[in-house]
Amino acid sequence: MKRAALVAAVAVLLSGAGLGAMTRSGGIGHFPGTPVRAHVVLGPVLVLAHPVHPLEEAATPVAVAARARYGALDALARVRTEPLPGGAGGGLVSAVAIRWR
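As a starting point, this report considers the structure included with it. (Residues numbered from 1 in each chain as written. Predicted model: local features only at pLDDT ≥ 70, side-chain atom pairs only at ≥ 80, totals over all residues. Heavy atoms only, no water.)

With that settled, the discussion passes to the overall build of the chain. Counting its regular elements, the chain contains two helices and three strands. Secondary structure of the chain in N-to-C order comes out as α-β-α-β-β. The buried share of the chain, taken over its 101 residues, is 24%. Across the chain, every contact between residues at least 6 apart in sequence was considered, and the portion connecting residues at least 24 apart equals 62%. Accessible area for the chain stands at about 7,200 Å²; split by element, carbon and sulfur atoms hold 65% of it. (Helix = DSSP H or I, 4+ residues; strand = E, 2+ residues; numbered from the N terminus. Buried < 20%, exposed > 50% of the residue type's maximum accessible area, 1.4 Å probe, protein only. Contact = heavy atoms within 4.5 Å. Areas by Shrake-Rupley, 256 points an atom, 1.4 Å probe, with all protein chains shown as cover.)

In the case of a regular strand, side chains alternate between the two sheet surfaces. Burial analysis of strand β3 (residues 91–100) places eight of its ten residues in the buried class, which makes it a mostly covered element. In this structure, strand β1 (residues 39–48) lies alongside β3, joined through nine bridges in antiparallel fashion. Within the sheet, the bridge partner assigned to Gly 43 lies in β3 and is Ala 97. Direction of pairing for strand β2 (residues 75–83) relative to β3: antiparallel, over a ladder of seven bridges. (Pairing = 2+ DSSP bridges.)

The next thing to look at is the sheet that holds β1. With antiparallel pairing, three strands are arranged side by side in an open sheet as β1-β3-β2. Here the strands that pair on one side only, and so sit at the sheet edges, are β1 and β2. Across the sheet, the mean angle separating the axes of adjacent strands is 15° when strand polarity is ignored. Where helix α2 (residues 62–70) meets the sheet, its contacts fall on β1, β2 and β3, and the angle it forms with β1 comes to roughly 120°. (Axes fitted to C-alpha atoms, helices over the stretch in contact; angles between N-to-C directions.)

In this section: the nonpolar core. In terms of nonpolar packing, the biggest core is built from ten residues, these being Val 45, Val 47, Val 62, Ala 65, Ala 66, Leu 73, Val 79, Val 93, Ala 95 and Ala 97. Elements that contribute at least two residues to this core include exactly β1, α2 and β3. Once residues lying within four places of it in the same chain are set aside, the contact partners of Val 62 are Val 45, Val 47, Leu 76, Val 93 and Ala 95. (Core = buried A, V, L, I, M, F, W, Y, C linked by side-chain atoms within 4.5 Å.)

In this structure, Ser 94 sits in strand β3. Using a relative accessible area of 9% as the deciding quantity, one classes Ser 94 as buried. A distance of 2.7 Å separates a polar atom in the side chain of Ser 94 from a polar atom in the side chain of Glu 82. (Polar contact = N/O pair within 3.5 Å; in protein donor to acceptor, adjacent residues only side chain to side chain.)

Attention now goes to α2. When we look at burial in α2, the residues that qualify are Val 62, Ala 65 and Ala 66. Down the axis of α2, the smallest arc covering the buried residues is 100°, so these residues share one side. Close packing links the buried residues of α2 with β1, β2 and β3. The first or second residue beyond α2 is Gly 71, which carries a positive phi of 80°. (Arc of directions from axis to C-beta.)

Below, the structure written as structure tokens:
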């Protein structure tokens, strides 16, 4: 009986996180916090979670896009998935590129 209650509690938490991801706020971030360590914010990075033409190209990882835009970076903060307006298939992966001081 205890195992069933534990499984039910985990299922409720997971489904709540999944439903929260479909809200306008973008849901629960994968790495929602900003580091406490001294850092410089380079700027935001947005990439498509799914490529426009999935058979012809692969999705660009957010770290690769951040390095292409800002050069050297030390970390990504506030990484989260966001739905596209209108619910068109896929979504965005957003992050903030940072450098340590």
